[in-house]
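The lines below spell out each chain.
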2 protein chains.
Amino acid sequence: MVLPALADLQQPALAQALQAKLDHKTKPLGSLGRLEALALQLGLVLGTEAPQLEQPQLLVFAGDHGLAARGVSAYPSDVTWQMVENFLAGGACVSVLARQHGMALTVVDCGVAHDFGTAGPPQDADGPLGGQRGHEVPSVGAHSTPRAQLHHAKIAPGTADSLSGPAMTTAQCAQAIANGRALVKSLPGNAVLLGEMGIGNTSAASLLLAHLAQLDIADCTGAGTGLDAAAVQRKTTILRDVLQRHADVTDPLAALAAFGGFEMATMLGAVWQAADERRVVLVDGFITSAVVLVAHAIDARVLQRCVFAHRSGERGHALMLHHLGAQPLLDLGLRLGEGSGAALAWPLLQSACAVLRDMASFASAGVSGKV
Amino acid sequence: MVLPALADLQQPALAQALQAKLDHKTKPLGSLGRLEALALQLGLVLGTEAPQLEQPQLLVFAGDHGLAARGVSAYPSDVTWQMVENFLAGGACVSVLARQHGMALTVVDCGVAHDFGTAGPPQDADGPLGGQRGHEVPSVGAHSTPRAQLHHAKIAPGTADSLSGPAMTTAQCAQAIANGRALVKSLPGNAVLLGEMGIGNTSAASLLLAHLAQLDIADCTGAGTGLDAAAVQRKTTILRDVLQRHADVTDPLAALAAFGGFEMATMLGAVWQAADERRVVLVDGFITSAVVLVAHAIDARVLQRCVFAHRSGERGHALMLHHLGAQPLLDLGLRLGEGSGAALAWPLLQSACAVLRDMASFASAGVSGKV
């Protein structure tokens, strides 16, 4: 598999112009703190002094994990497909937040162990990506809402057990990445928000963190959906064995194939395509950050496009952010996934752009400078 | 002056119902972290299991400070009125954020040393509160915008020098509080966002913190709009003298009158009225928190209604929040004031309510529970 090299978005002249623009706004120098760094980054990603976020795409990648059968999660695997239905019906947290922000929500079946069927004629089918199923969202929310779409990009009904062998084959991994790239390519807008659903996928994320950042698996393993201390111990023991099983893996993509899951490989493709197209990538929590960790291991310039929405309450996420040198926007103890943290942080990105575009300068507003 | 006692909003039955509702939503228990506590609080303030925020009022209280003449700020006092004009013209940060959120913005002249006039017939005049001046906001923003209003409630053109005596008389303080109460009473909606503008007002806030929380003034004094280290030293020395000058003050309102300013006294009235009416009060940064500190010293139940938007970069704010036992939502190093932090945090309150109102339960969505 060949992923295109990413362009370096360091643009000294534009960075200087953006900083000067921020510094001349009617506010004490630097007084918008982290929001100013965010505005600068968004300007650099979108290549303009007046960045405007357009048609944000909230993508929830879903897949099942063979390892889940070993009891690494507090919930049964059936919850993956049930939550996909919940996303489509408009009842999940991310559904509610997508409505709040008037944001398009696409749920991607990357490898859920369930047959969702294909409702209606395949009018939305687009070749190898498969068709889409649209659901009208019930009118529980106060806001007008684009309907949530199910996008069919299933590799297989769940990955293999990563304790017995790689979670997926090299070919499956490549196909999932290609699916993710094609999906983003087909979508409008200049920003993607990453979300995921997959019972067992905190295990995959913990494994990737321990493997790629060379950390002790115990420091990388948390309660996931709500394991108690004894169950976290058991989970850690299993993950230590899985890690050992694939200790000879060196390539980041081989690590992804070894540990899973299909939703993470598909997301990696989406991240890469978005990065290649200079879309803003808003990263959610532990699992989506693990995908960015893989991308970072391939080409660190991917981080130039990534905004980290929040520091999750899931053990390991703080370590992962530290490893990536990432400063998240929120720190609210969230540990839900689905893209919920990304959606919660989204208005801050809009604010950063609005400040850059619309605030007056000292000169234009006739406001005095420092004495 | 008599302020009405505030009702106790502890409602064990409602709190239990709200918690049960949150716990049955389709998400792992507690996985929305701080957002769940926020949802619970908003339900308790608004007295419902399905809270809905309506017609939020962003109020920017402006006033000048006699102490500013002693050089406690990096900017001249003229910046206060110039920024008021900037708020009204739509070019300030808070203007941009109010537009982003489609939020009504009222700028209150509580005691700015400038004559803003009264444009047009006084059709909006409402008795002792004075008239209002509406400004059409320029079409720089992408969103439809209610016009910003200037509300006339000037006590005097700036407070007296608090090093020479009280910043305001008891009567002035009482009038300012009455103005703030009448203003909120006249406004629709069930939420207020607090903002302020006043060159010199970080000094007043530092003084109130040191006085009411019995802290060393050096720990309470920061760079404000951007003093260098030497200037912060000089500011601290001046504030220490002011504090000493009013060391015999014991009553919280007398402390407010001693240290100022008019914008803070007017804001206190607004906070009290909002609290009395069970509106949600979204607190911004160092100065607005200082007003809540005064309110808290009078009746700690005011905190039941207060949501703290962020931890400011201004020295002293972390101490103040700690003294109040307050957990802010954001921590972005903001130190602008104007209500900008409150406006940035606002969507999180809307999200918390939406989660409580619109998310499906495990039962309603047919999602399996824990194994």
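Provided above is the structure to which this section pertains.
Residues numbered from 1 in each chain as written. Chains lettered and ligands numbered in written order. Predicted model: local features only at pLDDT ≥ 70, side-chain atom pairs only at ≥ 80, totals over all residues. Heavy atoms only, no water.

## What to know about the interface of chain A and chain B
The partner chain B presents 59 residues to the 58 residues of chain A that form the contact. Both faces considered, chain A and chain B share a buried interface measuring about 4600 Å² in area, 63% of it formed by carbon and sulfur atoms. Across the chain A-chain B interface, the total number found is zero salt bridges. Our count for the chain A to chain B interface comes out at 20 residue pairs in polar contact (both at pLDDT 80 or more). (Contact = heavy atoms within 4.5 Å. Buried area = accessible area lost by both parts, 1.4 Å probe. Salt bridge = Lys/Arg side-chain N within 4 Å of Asp/Glu carboxyl O. Polar contact = N/O pair within 3.5 Å; in protein donor to acceptor, adjacent residues only side chain to side chain.)

## Here's the deal with helix H1 (residues 12-23) of chain A
All names here are of chain A. Helix length check: H1 (12 residues) gives 16 Å between terminal C-alpha atoms against 16 Å at 1.5 Å per residue, within 8%. Taken together, the buried positions of H1 are Leu14, Leu18 and Leu22. Taken end-on, H1 shows its buried residues confined to a sector of 75°, consistent with a single buried face. Exposed and facing more than 90 degrees away from the buried side of H1 are Pro12, Ala13 and Gln16. Where H1 is buried, its residues contact helix H2 (34-46) and helix H13 (340-358). (Helix = DSSP H or I, 4+ residues; strand = E, 2+ residues; numbered from the N terminus. Expected span 1.5 Å × (residues − 1). Buried < 20%, exposed > 50% of the residue type's maximum accessible area, 1.4 Å probe, protein only. Arc of directions from axis to C-beta.)

## Quick notes on the relation of the copies chain A and chain B
Of the two same-sequence chains, chain A is brought onto chain B (RMSD 0.0 Å, axial shift 0.0 Å) by a rotation of 180°. One copy is carried onto the other by what is essentially a two-fold rotation axis. Minimal C-alpha separation from the rotation axis in chain A is found for Leu330(A), amounting to 3.2 Å. (Least-squares fit on C-alpha atoms with pLDDT ≥ 70 in both.)

## Describing the pattern of salt bridges
All names here are of chain A. Applying the stated criterion across every chain yields a total of 18 salt bridges over all chains. For Arg315, the salt bridge is made with Asp219, and the minimal N-O distance between the two is 3.5 Å. Remark: Asp219 occurs in helix H7 (residues 217-220) and Arg315 occurs in the loop between strand S7 (306-308) and helix H12 (317-324); sequence separation between them is 96 residues. Here Arg315 falls in the partly exposed class, since its relative accessible area comes to 46%.

## Details of the packing of helix H6 (residues 201-213) of chain A against H12(A)
All names here are of chain A. Direction vectors running N to C along H6 and H12 enclose 40°, while the axes themselves pass 11 Å from each other. Comparing their axes, H12 and H6 come out oblique. Considering the relative orientation of H6 and H12, their crossing is left-handed. When H6 is examined against H12, the residues Ala205, Leu209, Leu212 and Ala213 are found in contact with a partner set consisting of Leu319, Met320 and His323. Its residues assigned to classes, the contact of H6 with H12 comprises six nonpolar, one polar and no charged. (Axes fitted to C-alpha atoms, helices over the stretch in contact; angles between N-to-C directions. Parallel < 35°, antiparallel > 145°, perpendicular 65-115°, else oblique. Left-handed = near helix turned anticlockwise from the far one by under 90°. Nonpolar A, V, L, I, M, F, W, Y, C, P; charged D, E, K, R; others polar.)

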